[in-house]
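Each chain is listed here by its residues.
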Amino acid sequence: MSNISLVIEERAASIGNFLVGRLLPFRQKRMVGPFAFIDHMGPIGVAEHDNLDVDPHPHIGLSTLTYLFEGEIMHRDSLGSVERITPGAVNWMTAGKGVVHSERMPEDIRINKPDTILHGLQIWIALPKELEQTDPSFVHIAADKLPSWEENGVSYKLIAGEALGRKSAVPVYSPLYFIEIKSKERAKVNIGAGLFGEAAMYILEGGVHSDTNYYEPKQILIAQDSTLCEFEMEANTTVYIFGGEPMAEERFLLWNFLSHDGERLQQAKEDWINQNHEVFPLIPGDDKSYVPFPEPMKGLKTKLK
């Protein structure tokens, strides 16, 4: 990726019951296009942890995108959605004015397949200002419904958004793209003509050459100009290109809540602490526990632009 302005190293972060690799937000780059938050989960073995479950927790003002490389997760939400996430598929949940969901290890895997590895990405994408208070929704897109193709020995998959002359079935709300690129042999890639807005690359495995530099896994490369997205991949390399048009208004992050309006964040915090089920309904079939609002963060807002 030519003209790299910033390199972000993956950092360890706790989500309560296991560690993840935090990619965004970063103090020098809070968002890339509408992408506000990215966690790299695993790879982690089911047998290594007694509990890989994430109890019911809330969101506002964003869409979540879950994409697995390995393993499976059972998704449930306050809309009544129940969906088993498998590798290569996309779970797209839009929080809007308020939603609650849980993510749990399927019981059959926990009991019968303890050697299973969980590995994937959890992503939050900011909603446009006028849609922050929209009704919540949920869509699951099977892996074989995503545009996939090969060029010059390189495999591509458009996971979300529109780019490179193709459009994903994931119903996004602003101009963006999230692209998977894999190489079996060393290969050159030049896709800048098909991108727009801000762009970044996450290296999952392998290595990437750009200009005279070499980059390794667990790094995000921020491009100065998305139209100059040209690089060389080592054999057996997987990267993710993501970005799009940035939001016109700044965004603030408070725990799991995202908004352009600080007062809206504070109200969401109070609604969750008070378990206001009109705003944050219970999850059918998973209403016996929930993640409390983390007290050390009480009153803390993080500016995302």
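Everything below is about the structure printed above this text.
Residues numbered from 1 in each chain as written. Predicted model: local features only at pLDDT ≥ 70, side-chain atom pairs only at ≥ 80, totals over all residues. Heavy atoms only, no water.

Scanning the protein chain from terminus to terminus reveals two helices and 26 strands. A compact globule built from 305 residues would reach a C-alpha radius of gyration of about 19 Å, and the protein chain, at 19 Å, matches this within 12%. Considered along the principal axes of its C-alpha atoms, the protein chain spans approximately 55 × 50 × 35 Å. Taken over 305 residues, the protein chain has a buried fraction of 54%. Partitioning the contacts of the protein chain with sequence separation of at least 6, the portion at a separation of at least 24 is 72%. As displayed, the protein chain has an accessible area near 13100 Å², and 47% of this comes from carbon and sulfur atoms. Placing the 29 positive and 43 negative side-chain charges of the protein chain at their respective mean positions leaves the two points 3 Å apart. (Helix = DSSP H or I, 4+ residues; strand = E, 2+ residues; numbered from the N terminus. Rg over C-alpha atoms; globule rule 2.2 N^0.38 Å. Buried < 20%, exposed > 50% of the residue type's maximum accessible area, 1.4 Å probe, protein only. Contact = heavy atoms within 4.5 Å. Areas by Shrake-Rupley, 256 points an atom, 1.4 Å probe, with all protein chains shown as cover. Lys, Arg positive; Asp, Glu negative; His and termini not counted. Charge placed at Lys NZ, Arg CZ, Asp CG, Glu CD.)

A few words now on the pattern of salt bridges. Inspection of every chain in the model, using the stated rule, returns 16 salt bridges. Linking R22 and D39 is a salt bridge whose minimum nitrogen-to-oxygen distance equals 2.3 Å. You can see R22 sitting in strand β3 (residues 19-24) and its partner D39 sitting in strand β4 (residues 35-45), a full 17 residues away along the chain. With a relative accessible area of 18%, R22 lands in the buried category. Across the salt bridge formed by D55 and R104, the nearest N and O atoms sit 2.9 Å from each other. Linking D55 in strand β5 (residues 54-59) with R104 in strand β10 (residues 99-104), this pair joins segments that are 49 residues apart in sequence. Connected through salt bridges with shared partners, the residues D53, D55, R104, E107, R110 and D286 form a single ionic network. (Salt bridge = Lys/Arg side-chain N within 4 Å of Asp/Glu carboxyl O.)

Another point: the nonpolar core. Core analysis: the largest hydrophobic core is formed by 30 residues, its most contacted members being V90, F178 and F242. Judged by nonpolar contacts, the second largest core, of 24 residues, contains V154, L164, I191 and C229. (Core = buried A, V, L, I, M, F, W, Y, C linked by side-chain atoms within 4.5 Å.)

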